[in-house]
Each structure stands twice: as structure tokens, then as C-alpha cells.
Amino acid sequence: IKTMRRGGKAGRAAAVGAKKAAGSGGGGGGGAAASGGSKVSAEAEAAKKKAAAYAAVRKQVATEILSTESSYVKALELVTKRILRPLEQAINGGEPILTTRECESVFINISLLLERHRAFLGMLAERVTKWAPASTLGDIFEQHMTFLDEYKPYLTGYDNGAIQLHILSRQYPKFNAIVEAFAAHNRSGLDLASYLIMPVQRIPRYALLLDQMAKYTADDHADKSMLAAQSERIKQRLKVFNAEIDATLQQHASKVMKIEKAIDAIPTAEFPGGTLVTADRRYHAEGRLRLKSIEQRKAAARLSRGAGDRRPKMKLAKSQYWLLFSDLLLHCALDESKGAVHATAVQVGSMGRIAHKPFVYQDHLFMNQVAAISKSAKEDKHHSFHLTTQLETWTFWCSSPEDRDFWIDRIQEALTHQSNRTLKRMK
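Residues numbered from 1 in each chain as written. Predicted model: local features only at pLDDT ≥ 70, side-chain atom pairs only at ≥ 80, totals over all residues. Heavy atoms only, no water.

### Points about the overall build of the chain
Here is step 1 of the chain: When helices and strands are tallied, the chain shows 14 helices and nine strands.
Here is step 2 of the chain: Considering the chain as a whole, with its 427 residues, one finds that 42% of them fall into the buried category.
Here is step 3 of the chain: The contacts in the chain between residues at least 6 apart in sequence include a share of 74% that link residues at least 24 apart.
Here is step 4 of the chain: As displayed, the chain offers around 23000 Å² of accessible surface, 52% of which is attributable to carbon and sulfur atoms. (Helix = DSSP H or I, 4+ residues; strand = E, 2+ residues; numbered from the N terminus. Buried < 20%, exposed > 50% of the residue type's maximum accessible area, 1.4 Å probe, protein only. Contact = heavy atoms within 4.5 Å. Areas by Shrake-Rupley, 256 points an atom, 1.4 Å probe, with all protein chains shown as cover.)

### Side note on the pairing of strand E9 (residues 392-397)
Here is step 1 of the chain: The buried fraction of E9 is high, at five of six residues.
Here is step 2 of the chain: Summarising the sheet, strand E3 (residues 290-296) and E9 pair through six bridges and their orientation is antiparallel. Within E9, the position partnered with Gln296 by the bridge is Glu392.
Here is step 3 of the chain: Inspection of the sheet shows strand E8 (residues 385-389) paired to E9 by four bridges, in the antiparallel sense. Looking at the pairing, His386 lines up with Thr395 of E9.
Here is step 4 of the chain: Connecting E8 to the antiparallel partner E9 that follows it, the hairpin turn spans two residues. (Pairing = 2+ DSSP bridges.)

### Things to note about the confidence of the model for the chain
Here is step 1 of the chain: Mean pLDDT over the chain stands at 86; residues scoring 70 or higher make up 86%.
Here is step 2 of the chain: Of the regions scoring below 50 in pLDDT, residues 25-33 engages in three contacts with residues more than four places distant in sequence or in other chains.
Here is step 3 of the chain: With pLDDT under 50 throughout, residues 302-309 is counted as low confidence; its partners more than four residues away or in other chains account for seven contacts. (pLDDT = per-residue confidence, 0-100.)

### Notes on the nonpolar core
Here is step 1 of the chain: By size, the foremost hydrophobic cluster in this structure holds 60 residues, and its most contacted members are Phe107, Leu137 and Leu196.
Here is step 2 of the chain: Per element, the largest residue contribution to this core is 15 residues, and it comes from helix H2 (residues 36-92).
Here is step 3 of the chain: Residues contacting Leu196, with those up to four places away along its chain left out, are Val79, Val106, Phe107, Ile110, Tyr154, Tyr158 and Leu165.
Here is step 4 of the chain: Among the nonpolar cores identified, the runner-up in size contains 28 residues, and Val277, Ala345, Phe359 and Tyr361 belong to it. (Core = buried A, V, L, I, M, F, W, Y, C linked by side-chain atoms within 4.5 Å.)

### Points about helix H7 (residues 173-184)
Here is step 1 of the chain: Taking 1.5 Å of rise per residue, 12 residues should cover 16 Å, and H7 covers 16 Å from first to last C-alpha, within 8% of that figure.
Here is step 2 of the chain: Of all the residues in H7, the buried ones are Phe175, Ile178, Val179 and Phe182. Burial along H7 is one-sided: seen end-on, the buried residues are contained in an arc of 95 degrees. For H7, the exposed residues set more than 90 degrees away from the buried face come down to Pro173, Lys174 and Ala184. (Expected span 1.5 Å × (residues − 1). Arc of directions from axis to C-beta.)

### Description of the packing of helix H9 (residues 198-215) against helix H10 (residues 224-242)
Here is step 1 of the chain: Closest axis-to-axis distance for the H9/H10 pair is 9 Å, and the angle between their directions is 155 degrees. Put simply, H9 runs roughly antiparallel to H10. Seen from above, H9 lies across H10 with left-handed handedness. Listed contacts from H10 to Ile203, Pro204, Tyr206, Ala207, Leu210, Asp211, Met213 and Ala214 of H9 are Lys224, Leu227, Gln230, Ser231, Ile234, Lys235 and Leu238.
Here is step 2 of the chain: For the contact of H9 with H10, the residue count by class is 10 nonpolar, two polar and three charged. (Axes fitted to C-alpha atoms, helices over the stretch in contact; angles between N-to-C directions. Parallel < 35°, antiparallel > 145°, perpendicular 65-115°, else oblique. Left-handed = near helix turned anticlockwise from the far one by under 90°. Nonpolar A, V, L, I, M, F, W, Y, C, P; charged D, E, K, R; others polar.)

### Focus: the sheet that holds strand E7 (residues 370-375)
Here is step 1 of the chain: The four strands are arranged E3-E9-E8-E7 in an open sheet whose pairing can be described as antiparallel. Across the chains shown, the open sheet's two edge strands, defined by having one partner strand only, are E3 and E7. Geometrically, the sheet is characterised by an average inter-axis angle of 20 degrees between neighbouring strands, direction not taken into account.

### Here we look at the side chain of Thr275
Here is step 1 of the chain: For Thr275, the position within the fold is in the loop between strand E1 (263-264) and strand E2 (283-287).
Here is step 2 of the chain: Side-chain polar atoms of Thr275 contact the side chain of His166, separated by 3.3 Å.
Here is step 3 of the chain: Beyond its immediate sequence surroundings of up to four residues, Thr275 is in contact with His166, Ile167, Arg170 and Glu260. (Polar contact = N/O pair within 3.5 Å; in protein donor to acceptor, adjacent residues only side chain to side chain.)

### With respect to the environment of Ser337
Here is step 1 of the chain: In this structure, Ser337 sits in the loop between strand E5 (328-334) and helix H13 (345-349).
Here is step 2 of the chain: Distance from Ser337 to His356, taken between C-alpha atoms, is 9.7 Å for residues 19 residues apart in sequence.
Here is step 3 of the chain: Reaching out from Ser337, the side chain makes a polar contact with the side chain of Asp335 at a distance of 2.8 Å.

### Digging into the packing of aromatic side chains
Here is step 1 of the chain: According to the stated counting rule, one finds 15 aromatic pairs in the structure shown.
Here is step 2 of the chain: An angle of 85 degrees between the planes, with centres 6.0 Å apart, marks the rings of Phe120 and Tyr206 as edge-to-face. Here the residue Phe120 occupies a position in helix H4 (residues 110-128), and Tyr206 occupies one in helix H9, the gap between them amounting to 86 residues.
Here is step 3 of the chain: A relative accessible area of 1% places Tyr206 in the buried class.
Here is step 4 of the chain: Summarising the aromatic geometry, the rings of Phe182 and Tyr195 are spaced 5.2 Å apart at their centres and angled 80 degrees between planes, so their arrangement reads as edge-to-face. Taken as a pair, Phe182 in helix H7 and Tyr195 in helix H8 (residues 192-196) lie far apart in primary sequence, 13 residues in all. Accessibility assignment for this pair places Phe182 and Tyr195 in one class, buried.
Here is step 5 of the chain: Connected via pairs of aromatic rings, a cluster forms that spans Phe120, Phe141, Phe147, Tyr151 and Tyr206. (Phe/Tyr/Trp six-rings, centres within 6.5 Å; stacked < 30°, edge-to-face > 60°.)

Written out as C-alpha cells, the structure reads:
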């Protein structure tokens, strides 16, 4: 990364020199007294300076492509050596830390990408180390960068991979120890997540560098058309890949991660690893809401149930706070011993390191248990609404009719999401 920054600064400096050289020329003074020969000489000198400045930029960009490619390969090698290989050895040894499928969900095809980039680096090094003004780079990308389509699984699967890294590092202590050791002993100070995003950033970087080189390549240079063609090829492939990426996946997961940071005492028995994050969970709403009662439905009394079917009595907090997700309604107590809580769980979780978690887990209801949602036939002073499950009716009190309608709408959205997800799985 430092190499990229240094190279970028040097490249910009060279580009400024090239622009000055391109803008200079002509010679000053003399007017009509200047001879035709001196004008030709001045123009030739200006053209020579411009060509030299352009050549300097091209060499600098070529050097930057090579140096960043080398850094990229080293980064992939580090991930493979320090994390992926030990995980694979554990699987082959019969004592897996993660299953093969779990490994693939996080690292996708990073080993294959490393193999391809090692070969590509060799081709770049051979050309750039012998660089001359007439040298070309577009042909290297055309002939040897034939693995763009092998990036598709990584780019389309990255967001889910980042979510799986969060989940698995909390579910499996041994894997979490490897992940934390990687960050602790890494000279760059970057964690695993920072390395896993590098393949996402690498391909667009090629297009930017090729565009910069093409800008400072003369029209009659053999490299001009090849650079433009390869930059366009990369952009078009990225456009195709991006069309298959769910841009909202990481956004939703990020909100759930922030909420998780603000909640204390999340039970590992109910939520493996103590994490609320799943690949499908979406955040819908949160706020103060009062659950007044949970009553057994009359029809439920006629059902034959064993003791194991009975729901334990919910412990209702004095100061209730509720968080609604696409598949889950979470009940928390507000701990205001350190002061009144005015921020939402999302806002608290965005504050970085949290010394005091003001939201304390109490209980939850999965949305697939909800059969219906309704409000009272007549308007009442508590602006109540009801959630009906197979066995119970939950009655909530709201602060206003608007607040009640807000919660009914958000819960209905969650139920619709849950229904659509079920239908999708059936297909």
C-alpha cells in the first residue's frame, strides 16, 4: 500500500512535468525578427521535451503496475500461508477447524487467483525491468491477463464472504484465534478482512493505471490502441460482474453488526457464537415499545402439547426496547444506569469501542411464528396492536396512532420478506 502511494505521487509528479512540457514550446520574443529556422528548432525542442516527459510518465506507471502487482501477490501469499493452508491441513488431518464448505464461503477461489497472478507478475517483471520508450504493456494484458472471468466468483461472493468471516470467527474459537493472530503478528497492521477486500480493489486499479498510461502515450505509439482496448475490456467485464452483485447485502449486514455491538448478554445457545448476523437477516426498525401482555389463545388450550412445547414465560423489562429484523423481533432492556439513552442501537454500535452497552438482551420472537398482525377494532388510549402466533396473542402499547401504524407497517414488511424467502427456498 505504501508502494502504491509512493508510486502514485511520483506518477502524478511526472504527469505534471509532462503537462508543462506539452504546454511549453515556441520561444519568446523576436516576433517578425525571428527566423523560420529558429521557429522550427524551438518546435522540435518542445516536441522532444514533451516526448521525454511522456516517456517518464509511462515508465513510472509501468513501474507502479509492477510494484503494486508484487505487493498484491505477497498479500495473497500471506493469507494463503498463514490462514488458508493451516485450515486445509486441519481438514486433511481429520481435525477440521472449518469445513471445506465454510473455508470456501470465506476465501472463495483466492488460491486460484494467487496462482494466476504469480504467472502474470513474472510476465510484467520481464517487460518492465527492461523498459524503454518504445516498450509496450497493452500486449502483456491482452496475452497474459486471460483470467478476468475467474474473478467473477470472488467479486460476486465477496459480500457474503465478509459476512461469513464475521459469523465463523465468533462461532469457532480456534478459527478466531488464527484470525486474531494474523492481525497481531502482521507488520502492516491490517486484519484479515482488509486483505480479503484486496482482490475486489485490484481489477478496477488496472483500468485506472492503463488509462493513465494511455493518456501520456503518443497517438503514433504502438501501445496507444492496445492500452485503450485493454482498459475497456476490464471495465466491460466489471460491469457484467457488478450486475450480479447484491449491493444491499453488505449494507444490511453492516447495520446488524453495529446493533450487535450495542447489545449485551446475547445468548450463545440461541444465537451461535453470540452473533445476530446471518447472510439473510435484514434490519427493519427499532424503538421503545411496550409489550403489555401475552395471552394463550383459546384454540391453543385444545391442542395436545407436551411440556417441551410450552414457551417459557417472557421476562419483560421495566424499560423495554425492541428491534425488528426480517426474521426476528428482539426484546431488550434499556440500561440507563450511566445516563439516559437517546441514541438508537445502530448509532451506539457506530461509535467504535463501546465501554457500556445500554441494550441488554431479554428475549426474542422469530417472525416465522407470527400468523397475523392487527390493531384493535376500536381506537383505544394505548394505541395497541396485536401479534398472533399459533398459541398466543401478544398485545403491544404504542405512544401514538402514528407510532402504532409505523410498527404495524414495519412488521408487515418483515412478514412479507419472510414469506418471499420461504417461497424462494421452495423453488
